[in-house]
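Results of the structural survey
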Amino acid sequence: MESKQFDVVIVGGGIIGSSIAYYLAKENRKVAILEADKIGGKSTSAAAGMLGAHSEYKEFKHLYPFARSSQLLYKQLYEEIRELTAIDFEKRNGGLLKLVYSENEKKELESILSLSSVEWLDNKEARKRVPQLSKEVMGAAYLQEDVHITPLIACNSLSKGAQLFGAEIYEYTRVLAVSKTGMEYSIKTAQGTFLAKNVVIASGVWSNYFFQQLGLSHEIIPVKGECVAAINEGAPLRYAVFHDQFYIVPRNNNELIIGATKKWNDWSENPSLDGLEEVIQKAKKMIPEVGEMKWTRAWAGLRPQTYDGHPYIGEHPEMKGLYFATGHQRNGILLAPATGKMIRDLIIGTPVEKEWLDAFKVERNIFAYG
Ligand code: FAD
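A brief report on the enclosed structure follows.

How each quantity is defined
- Residues numbered from 1 in each chain as written.
- Predicted model: local features only at pLDDT ≥ 70, side-chain atom pairs only at ≥ 80, totals over all residues.
- Heavy atoms only, no water.
- Disulfide = S-S within 2.5 Å.
- Buried < 20%, exposed > 50% of the residue type's maximum accessible area, 1.4 Å probe, protein only.
- Near = heavy atom within 4 Å.
- Polar contact = N/O pair within 3.5 Å; in protein donor to acceptor, adjacent residues only side chain to side chain.
- Areas by Shrake-Rupley, 256 points an atom, 1.4 Å probe, with all protein chains shown as cover.
- Helix = DSSP H or I, 4+ residues; strand = E, 2+ residues; numbered from the N terminus.
- Nonpolar A, V, L, I, M, F, W, Y, C, P; charged D, E, K, R; others polar.
- Expected span 1.5 Å × (residues − 1).

Structural notes on the state of the cysteines
This model, assessed by the stated rule, comprises zero disulfides. You can see Cys155 has no disulfide; the closest cysteine sulfur is in Cys227, sitting 17 Å from it. With a relative accessible area of 0%, Cys155 lands in the buried category. Overall, the relative accessible area of 2% leaves Cys227 in the buried class.

Describing the site of the ligand
Inspection of the region around the ligand gives 40 residues, with Glu35, Thr44, Met50, Gln329 and Leu334 positioned closest. Here an oxygen atom of the ligand sits 3.2 Å away from a polar atom, N or O, in the main chain of Ile16. In the model, a nitrogen atom of the ligand is placed 3.2 Å from a nitrogen or oxygen of the Ala48 main chain. Coverage of the ligand by the protein chains reaches 98% of its 1,000 Å² of free accessible surface. Every element with two or more residues in the shell around the ligand is listed here: helix 1 (15-26), helix 2 (43-46), strand 10 (221-231), strand 15 (294-305) and helix 11 (332-348). Looking at side-chain class alone, the shell around the ligand contains 19 nonpolar, 15 polar and six charged residues.

Let's talk about helix 1
Helix length check: helix 1 (12 residues) gives 16 Å between terminal C-alpha atoms against 16 Å at 1.5 Å per residue, within 8%. With respect to burial, helix 1 is a largely interior element, 11 of its 12 residues being buried. Within helix 1, burial applies to Ile15, Ile16, Gly17, Ser18, Ser19, Ile20, Ala21, Tyr22, Tyr23, Leu24 and Ala25. Of the residues trailing helix 1, Asn28 is marked for its positive phi of about 65°.

Fair warning: the whole summary comes from geometry, so function is off the table for now.
Printed below as a string of structure tokens:
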């Protein structure tokens, strides 16, 4: 069989690979996504979909500006994708209430409360917005811009958009090896070999396989997150609520996404009863009536974590044309547009912010570990 030839082959069709495909295909690059399973079927489909640029970061140096730029890109992308594909990825305005139960907790939020886009709500104001809140809640930081989307729909719409710009999507096509022959990469799969000038590894926690295969000792650690969903038959929840990295996120169909645990280096993709019990307890502390709701489903996903919490977005230190875009841990949905745009710019040669190049470059591991 003759090998198919592309400008860029992307290994992995989660939200990161799909976003990269979208931005590159839009620039007329001949792109393919090779996905071992179904588009968006792994970590992406497990996510709650919060675009938490403010709620997630305590340092405002590297990740926050990148995250904020991605959050802003979503505004534009939402309209653009809806027009192009007729898919609505359910961007819900309203934002998020980061709950506070004590003066000490309020103090910890000082840096985000100093941002002009963030508002302090006392107990009464918080309850006006979310009448279901527990009486224990002292107040909340209102993060109006930290809206949420439905991640699997967003991922599918990005890959569909990429397809409409000419990209080819190959599901159930596991990549077995990537190697360089002359100026070109050879990407071996059970369904045949693909050829490409550039390759992007966007395989989430499974990127470890390619780090090793391509001579690097980098490691992505899975941080398992367990979630449960319930149907809210009472007054609709208009905002996501968040405390201590646990949350309740409403979907358009009145389903509430209740998550999530953080289990370091746990590779199993099934939720445990202990994990589900923990998220339900945390949710009840925020909204007690959750305990009476009817559950609909439960699941788990693996967040791709790097040693320093920054993703790897950049070129292999020795192999030109080979890129990594992985390790977005608990913020891959939020960071997908900025990552897609950054990899596009690296491949087509458009300048990228130097701060981001340095903060996310692949070889920083080598420096850190000597
Ligand atoms: P994945 O979605 O895992 O995609 C990688 C793909 O690569 C997979 O589809 C896999 O099948 C494929 N693959 C692997 N090996 C190969 C191979 N050899 N050949 C071909 N394909 C391969 N982020 C947010 O921003 N907001 C949230 O609210 C949020 N909530 C979360 C809640 C939970 C419970 C979890 C688990 C995660 C959450 N995240 C959230 C994080 C987010 O889901 C991830 O950061 C993001 O999905 C990572 O995307 P990815 O494309 O890198 O990985």
